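# Summary of structural features
Read off the chains here:
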Amino acid sequence: MNEAASPGKRRAGRPAVLTIDRIVAAAVEILDDEGLEALTMRRLGTRLGVAAMSLYRHVPNRESLLGEVVNRLFAEAAAGGQVPESAWPEALTGFGRAYRRMLLAHPHAVPLLAVHPVDVDLGLELLTGLLSCFESAGVPAQDALTAVQSVGVFVLGHALAQVGAPPGGAAAAQDEAALRFYDEWFDSGLLAMVTGFERQLVG
C-alpha cells in the first residue's frame, strides 16, 4: 500500500492536529498508565508529539486539564448508568454501579475525583435522565439531588478505600477474596442507601 494513502499516516512535516477531545483522551491514558503525578503538560505534549506550549491554546493550565479529565470520566460513568424509563431506585442503583465501574477502571483517577469535583452544570446535564426518573415519581428536585449526591459520595469513598493508593501511587493489588469482599460490601452499602432514600422520599 502506498504509505501516503494510508489513513493512519500523516504527511512528513505536517503538524499534529490538536483538539480538546484528543488532548483529554491522551491525558486519561497517561493517568491510567503512569499515575496522577506523571500527568504534566510536558508529558502530555510528548505523548501527543507536540510542544507543551501548543497545549495552552486549548487548556490554560494543568488545573484546567484536570477539570477536563474529571468531566470526561464522569461523563463515562453517567453514560454507563442510564436506565431508560425505570423507577428512580433502580436508576439510582444503576448510576451507583456505573460510577463504581468507571472508578475501578481508572484507579489512579479516584483520588483526583475525591478532591476535584465535576463541573456542576455539566454534571446536572449528564444526570438529566436519572433526575427525570425522580421527577416522574413526584420527588422534589432538591431531594433528588441529595439522594444522587449522597450515593455519589458513597461510591467515591468506597472506591478510594478499595484502591487504597495516594495520588500518583499504584493501586493495591487484590486477590479474588479481597475483590469479592469489596463487591459484597459495596452491594450492601448501596442497597442500604437506596432503600433508605426510598423509604424517606416515598413515606
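As the structure is a computational prediction, the values presented were derived from the model and not from experiment.

Parameters and conventions
- Residues numbered from 1 in each chain as written.
- Predicted model: local features only at pLDDT ≥ 70, side-chain atom pairs only at ≥ 80, totals over all residues.
- Heavy atoms only, no water.
- Buried < 20%, exposed > 50% of the residue type's maximum accessible area, 1.4 Å probe, protein only.
- Helix = DSSP H or I, 4+ residues; strand = E, 2+ residues; numbered from the N terminus.
- Arc of directions from axis to C-beta.
- Contact = heavy atoms within 4.5 Å.
- UniProt positions renumbered as here; feature names shortened; annotations may be inferred.
- 1 Å grid on protein atoms, 1.4 Å probe; cavity = no way out; pocket = protein on both sides within 12 Å on 5 of 7 lines; lining within 4 Å.
- Points joined across faces, edges and corners; volume = space filled by probe spheres on them.
- Nonpolar A, V, L, I, M, F, W, Y, C, P; charged D, E, K, R; others polar.
- Axes fitted to C-alpha atoms, helices over the stretch in contact; angles between N-to-C directions.
- Parallel < 35°, antiparallel > 145°, perpendicular 65-115°, else oblique.
- Left-handed = near helix turned anticlockwise from the far one by under 90°.
- Polar contact = N/O pair within 3.5 Å; in protein donor to acceptor, adjacent residues only side chain to side chain.

Residues Leu130, Leu131, Cys133 and Phe134 constitute the buried set of helix α8 (residues 128–136). Relative to the axis of α8, the buried residues are bounded by an arc of 145 degrees and lie together on one face. Exposed residues lying more than 90 degrees from the buried face of α8 are Glu135 and Ser136. At its buried positions, α8 is contacted by α5 (88–105), α7 (120–126), α9 (141–163) and α10 (176–202). The positive-phi residue at the C-terminal boundary of α8 is Gly138, with phi of around 80 degrees.

In this numbering, the UniProt entry assigns the feature "DNA-binding region" (unreviewed entry) to residues 40–59. For residues 40–59, the end-to-end C-alpha separation is 12 Å, with 60% helix and 0% strand making up the annotated structure.

Next up on the list: the layout of surface pockets. Computed from the structure, the largest pocket encloses a volume of approximately 480 Å³. If you trace the largest pocket, you find 21 residues lining it, with Phe74, Pro117, Val118, Leu127 and Gln149 closest to the centre. Going through the elements one at a time, α4 (62–80), α5, α6 (110–115), α7 and α9 are the ones with two or more residues in the lining of the largest pocket. Broken down by element, the residue count for the lining of the largest pocket peaks at 6 residues, all from α9. When grouped by side-chain class, the residues that make up the lining of the largest pocket number 16 nonpolar, 4 polar and 1 charged.

Let us now look at the packing of α8 against α9. Between α8 and α9, the shortest axis-to-axis distance is 10 Å and the interhelical angle comes to 130 degrees. It follows that α8 is oblique to α9 by the angle criterion. In this structure, α8 crosses over α9, and the sense of that crossing is right-handed. Counted together, Leu130, Leu131 and Phe134 of α8 and Ala144, Leu145, Ala147 and Val148 of α9 form the full contact between these two elements. Split by residue class, the contact of α8 with α9 holds 7 nonpolar, no polar and no charged.

Turning our attention to the side chain of Arg100. Structurally, Arg100 is set in helix α5. Take Arg100: its relative accessible area is 9%, and that puts it in the buried class. Within the structure, the side chain of Arg100 is placed 3.0 Å from the side chain of Asp183, a separation counted as a polar contact.

This brings us to the side chain of Asn71. Mapped onto the elements of the fold, Asn71 is located in helix α4. Classification of Asn71 as buried rests on a relative accessible area of 15%.

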